[in-house]
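If you want the building blocks of each chain, they are given just below.
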Amino acid sequence: MGGEYGIIIHGGAGALRNTINPESYSEGLRRAVISGFRKLEDGCALEAVVEAVYVMEESGIFNAGLGCCLTAEGTAEVDAGLMDGSSLAVGAVASLKNIRHPILAAKTIMERTDHVLMVGEGAMRLLSLYGFKPDPELVTEAKLRRLHELREKWLSGADRKMSKNREIVKALSHGTVGALAIDRKGNVAAAVSTGGYWLKLSGRVGDTPIAGSGFYAENGVGGAVATGIGEYAIRLTLCRRTVELIRSGLNAKLAADRAISVVTSTFGEGTMGIITIDQQGGYGYSYNTEGMGRAIMMKDFSEPVVGIFQ
Ligand code: GLY
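Residues numbered from 1 in each chain as written. Predicted model: local features only at pLDDT ≥ 70, side-chain atom pairs only at ≥ 80, totals over all residues. Heavy atoms only, no water.

Colleague: Can you tell me about the overall build of the protein chain, naming the residues and giving the values?
Modeller: A tally of regular secondary structure across the protein chain gives 9 helices and 12 strands. The C-alpha radius of gyration computed for the protein chain amounts to 18 Å, which stays within 12% of the reference 19 Å derived for 310 residues, consistent with globular compactness. Here the C-alpha coordinates of the protein chain stretch approximately 55 × 45 × 35 Å along the principal axes. In the protein chain, the share of contacts with a sequence separation of at least 24, taken over all contacts with a separation of at least 6, comes to 69%. Carbon and sulfur atoms make up 50% of the accessible area of the protein chain, which amounts to about 12500 Å² in all. Treating the 33 positive side-chain charges of the protein chain as one cloud and the 34 negative ones as another, the clouds have centres 4 Å apart. (Helix = DSSP H or I, 4+ residues; strand = E, 2+ residues; numbered from the N terminus. Rg over C-alpha atoms; globule rule 2.2 N^0.38 Å. Contact = heavy atoms within 4.5 Å. Areas by Shrake-Rupley, 256 points an atom, 1.4 Å probe, with all protein chains shown as cover. Lys, Arg positive; Asp, Glu negative; His and termini not counted. Charge placed at Lys NZ, Arg CZ, Asp CG, Glu CD.)

Colleague: How would you sum up the sheet that holds strand S3 (residues 89-97)? Please name residues and give values.
Modeller: As summarised here, the arrangement of the 8 strands in space is S4-S3-S2-S6-S5-S1-S11-S12, forming an open sheet in which the pairing is mixed. Edge positions in the sheet fall to strand S4 (117-119) and strand S12 (305-307), since each of these pairs with one other strand and no more. Averaged over all adjacent pairs, the angle separating strand axes in this sheet is 5°, with direction ignored. In this fold helix H1 (residues 22-42) packs onto strand S1 (6-14), strand S5 (177-182), strand S11 (291-298) and S12, with an angle of close to 150° to the strand it touches most, S1. Where helix H4 (residues 120-128) meets the sheet, its contacts fall on S3 and S4, and the angle it forms with S3 comes to roughly 110°. (Pairing = 2+ DSSP bridges. Axes fitted to C-alpha atoms, helices over the stretch in contact; angles between N-to-C directions.)

Colleague: Explain the nonpolar core to me, using residue names and the numbers behind them.
Modeller: Residues Ile7, Ile9, Leu40, Leu82, Val93 and Leu96 are the most contacted members of the largest nonpolar core, which totals 60 residues. Here this core takes 9 residues from helix H2 (residues 45-59), the largest share from any one element. If we skip the residues at most four places from it in the chain, Ile7 touches Val33, Gly36, Phe37, Leu40, Ala48, Ala52, Leu180, Ala181, Ala295, Ile296, Met297 and Met298. With 41 residues, the next largest nonpolar core counts Ala13, Ala256, Phe267 and Ile277 among its residues. (Core = buried A, V, L, I, M, F, W, Y, C linked by side-chain atoms within 4.5 Å. Buried < 20%, exposed > 50% of the residue type's maximum accessible area, 1.4 Å probe, protein only.)

Colleague: Let's hear about unusual backbone geometry: which residues, and what values?
Modeller: Non-glycine residue Ser95 carries a positive phi angle of around 55°. Within the secondary structure, Ser95 is located in strand S3. The residue Leu199 is not glycine, and still its phi comes out positive at about 75°. Note that Leu199 resides in the loop between strand S6 (188-194) and strand S7 (215-218). Residue Leu199 is classed as buried on the basis of its relative accessible area, which comes to 3%.

Colleague: Requested: an account of the site of the ligand, with residues and values cited.
Modeller: Taken together, the neighbourhood of the ligand is formed by Thr176, Thr194, Gly196, Arg204, Gly206, Asp207, Thr208, Gly228 and Gly230. The side chain of Thr176 places a nitrogen or oxygen atom 3.2 Å from a nitrogen atom of the ligand. Interatomic distance of 2.7 Å between a side-chain N/O atom of Asp207 and a nitrogen atom of the ligand. For the ligand, whose free accessible area comes to 200 Å², the fraction covered by protein is 100%. Looking at the shell around the ligand residue by residue, the class counts come to no nonpolar, 7 polar and 2 charged. (Near = heavy atom within 4 Å. Polar contact = N/O pair within 3.5 Å; in protein donor to acceptor, adjacent residues only side chain to side chain. Nonpolar A, V, L, I, M, F, W, Y, C, P; charged D, E, K, R; others polar.)

Colleague: Just give me the short version of the state of the cysteines, but keep the residues and values in it.
Modeller: The bond known as a disulfide is covalent and runs between the sulfur atoms of two cysteines. The tally for this structure, following the rule as stated, stands at 0 disulfides. Of all cysteine sulfurs, the one in Cys69 lies closest to Cys68, which takes part in no disulfide; the gap is 6.2 Å. (Disulfide = S-S within 2.5 Å.)

Colleague: Tell me what's going on with H2, and back it up with residues and numbers.
Modeller: Because each turn of an α-helix spans 3.6 residues, side chains separated by three or four positions in sequence point in the same direction. Between the first and last C-alpha of H2 there are 21 Å, a value that for 15 residues agrees with the 21 Å anticipated at 1.5 Å per step. If you check which residues of H2 are buried, you get Ala45, Leu46, Ala48, Val49, Val50, Ala52, Val53, Val55, Met56 and Glu57. Close packing links the buried residues of H2 with S1, H1, strand S2 (77-84), helix H3 (102-112), S5 and S6. (Expected span 1.5 Å × (residues − 1).)

Colleague: Got a sec to walk through the pattern of salt bridges? Specific residues and values, please.
Modeller: Applying the stated criterion across every chain, the model contains 11 salt bridges. Residue Glu137 is joined to Arg100 by a salt bridge in which the shortest nitrogen-to-oxygen separation is 3.4 Å. Residue Glu137 is found in the loop between H4 and helix H5 (141-155), and its partner Arg100 is found in the loop between S3 and H3; the two are separated by 37 residues along the sequence. Look at Glu137 and you get partly exposed, because its relative accessible area is 47%. In this structure, Arg240 and Glu244 form a salt bridge, with 2.6 Å as the shortest nitrogen-oxygen distance. In this pair, Arg240 and Glu244 both sit in helix H8 (residues 238-247), 4 residues apart, roughly one turn of the helix. Through salt bridges with shared partners, a single ionic network connects Glu58, Arg100, Asp135 and Glu137. (Salt bridge = Lys/Arg side-chain N within 4 Å of Asp/Glu carboxyl O.)

Colleague: Could you give an account of the pairing of S3, naming the residues involved and the relevant values?
Modeller: Among the 9 residues that make up S3, 7 are buried, leaving the element largely enclosed by the rest of the structure. Where S2 hands over to S3, the hairpin turn is made up of 4 residues, of which Leu88 adopts a positive phi near 60°. Sheet analysis places S3 next to S4, joined by 3 bridges and oriented parallel. What sits directly across from Ala94, in S4, is Val119. Traced from S3 through H3 to S4, the parallel crossover comes out left-handed. (Right-handed = clockwise from strand over helix to strand, strands pointing away.)

Structure representation (structure tokens):
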């Protein structure tokens, strides 16, 4: 391939119409994709995706880092994953309490340890060696008020079991943030970060830190990053499956559409979104939810293309 490079990001998929401010949300996406693209011009795909996700975590607008949702117990437990398609190196973290930039924690696992995924207390102890500290700003009064409202609504429903709560979860904004990039040398990288979804049980882990489910990147083929109900992405090993579609000859756009049609036929509408990139520098996205925030900046674009709804 001949030096095609670019980045595609998402800010989560879900019932967004009543839960976001479209102006600030779009501006948050625009800022993140531009920051990621700058890294891509000077550096590599891995730095670009980490930067884009970092900016979204820091914004407080998205369900990641500072803006993460809360568990049913009112705790902030975040997950993140990162993959370098040139070496298939992976770093991921899960159930980290009050960590503002879980994507940097995932990068630390990738670069400083022989492991790929670390969770909970052990991960926190290790990360403290590298300067990570819990940040109380992740649990705010406003978030606790929202949790209270959501919990009341949940408990007053006919069905109280979490596993049966798809309709409620569908009605909430379930987001994640993610980024995929390809650099001038053809290196592909994927990064993803999330708070999960409101009312998840403490200790629950979704697709975001699971390589092959929430993210996947492989040089010579392409990459995929998912957003939505993580349990479904895990059960389908969605991102690896999508990259296999690209390997079999589909371009990024067709692979994204095919992947989401599999999700919809298996688990129904309102469940998932995905972004993709292929080795030719093609990109794609697809979702079966009301909306999915996304922004794309490729080599030949004069400015980013940002969208939320169809
Ligand atoms: N896709 C994010 C999660 O389910 O945790």
